[in-house]
Amino acid sequence: MNQYAVIVAGGQGLRMQSDLPKQFISIAGKPVLMHTLQAFHAYQRDLPVILVLPEQEHARWTQLCKQYSFDLPHEVVTGGSCRPFSVRNGVRYINDADSLVAIHDGVRPLVSADLISRSFSMAEKYGSAIASVPLKDSIREMTPSGSQSRDRTQYRLMQTPQTFHTSLLLDAYRTIEVLEDFSDEASLVEAAGAKVQLIAGDYQNIKVTTPEDLKIAEAFLQ
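Notes on the structure in this doc start here. The structure presented is a predicted model; accordingly, all values stated were derived computationally and were not measured.

Each helix and strand in the protein was counted, giving 7 helices and 11 strands. Since a compact globule built from 222 residues should have a radius of gyration of about 17 Å, the 17 Å found for the protein is in line with a globular shape. Its C-alpha atoms put the protein at 55 × 40 × 30 Å along the principal axes. Relative to its full complement of 222 residues, the protein shows a buried share of 47%. Put simply, 72% of the contacts in the protein that link residues at least 6 apart link residues at least 24 apart. Accessible surface computed for the protein: about 11400 Å², of which carbon and sulfur atoms make up 47%. Charge centroids of the protein, computed over 21 positive and 25 negative side chains, lie 4 Å from each other.

Here is the structure:
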């Protein structure tokens, strides 16, 4: 099956305490988003990559590509009002339902070629492959009377890539009417009636959302 990647980069950087959206902040010599695209290029040089950006950020991205002489092949698609609509725009651009598509956060620049490869392989076999990792810390659930301890071994932290048969994801978008309720594609596909397959993610595959994350990601990249 043909393989595609949809990289979503619509964050505003509120938790980053920066006027510059987090995907454009420079670490280890170039913007976070460029490291992310390079990671998929390292997996497969000719992998079709669709980058989903807010319309108002297209010009900034074009300027950054010129500034950093960044010429890795990719297509830029305009995002929607929230993540589900942005991902849908990217998936619809593919125009190849009999394929596999990996949905990835633009601010996860440390994704490995091995994780991308396993994600595509398992999705081809099971229909989906959702990267996740076990919790390291103890957890408690907040209740009206206080809080209650929970068994952390029964929970997983979701990562990306979240990879699917493209037709499965497109069917979910046609089935679910209120997309705003879903924070990731696994939840959307599950709500549409399909089971999702979890695969082992990578603790290094962090999502860069805070100033501390920037320092961690830069340390790994260097």
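Time to look at the pattern of salt bridges. If the charged atoms of two oppositely charged side chains come close together, the side chains can form a pair. Inspection of every chain in the model, using the stated rule, returns 7 salt bridges. Here Glu57 makes a salt bridge to Arg60, at a shortest N to O gap of 2.6 Å. Judged by its relative accessible area of 7%, Glu57 falls in the buried class. The residue Arg150 makes a salt bridge to Glu141 at a minimum N-O spacing of 2.6 Å. Here Arg150 falls in the partly exposed class, since its relative accessible area comes to 31%. A relative accessible area of 37% means that Glu141 is categorised as partly exposed. Each of the salt bridges in this network shares a partner with another, and the network as a whole consists of Arg83, Asp105, Arg108 and Glu185.

Judged from the 4 bridges that link them, strand β6 (residues 99–105) and strand β10 (residues 156–165) form a sheet pairing that is antiparallel. Counted as the bridge partner of Val101 is Phe164 from β10. Of the pairings in the sheet, the one linking strand β7 (residues 128–134) to β10 comprises 6 bridges and is antiparallel in character. Across the sheet, residue Ser128 finds its bridge partner in β10, namely Phe164.

Quick notes on the rules
Residues numbered from 1 in each chain as written. Predicted model: local features only at pLDDT ≥ 70, side-chain atom pairs only at ≥ 80, totals over all residues. Heavy atoms only, no water. Helix = DSSP H or I, 4+ residues; strand = E, 2+ residues; numbered from the N terminus. Rg over C-alpha atoms; globule rule 2.2 N^0.38 Å. Buried < 20%, exposed > 50% of the residue type's maximum accessible area, 1.4 Å probe, protein only. Contact = heavy atoms within 4.5 Å. Areas by Shrake-Rupley, 256 points an atom, 1.4 Å probe, with all protein chains shown as cover. Lys, Arg positive; Asp, Glu negative; His and termini not counted. Charge placed at Lys NZ, Arg CZ, Asp CG, Glu CD. Salt bridge = Lys/Arg side-chain N within 4 Å of Asp/Glu carboxyl O. Pairing = 2+ DSSP bridges.

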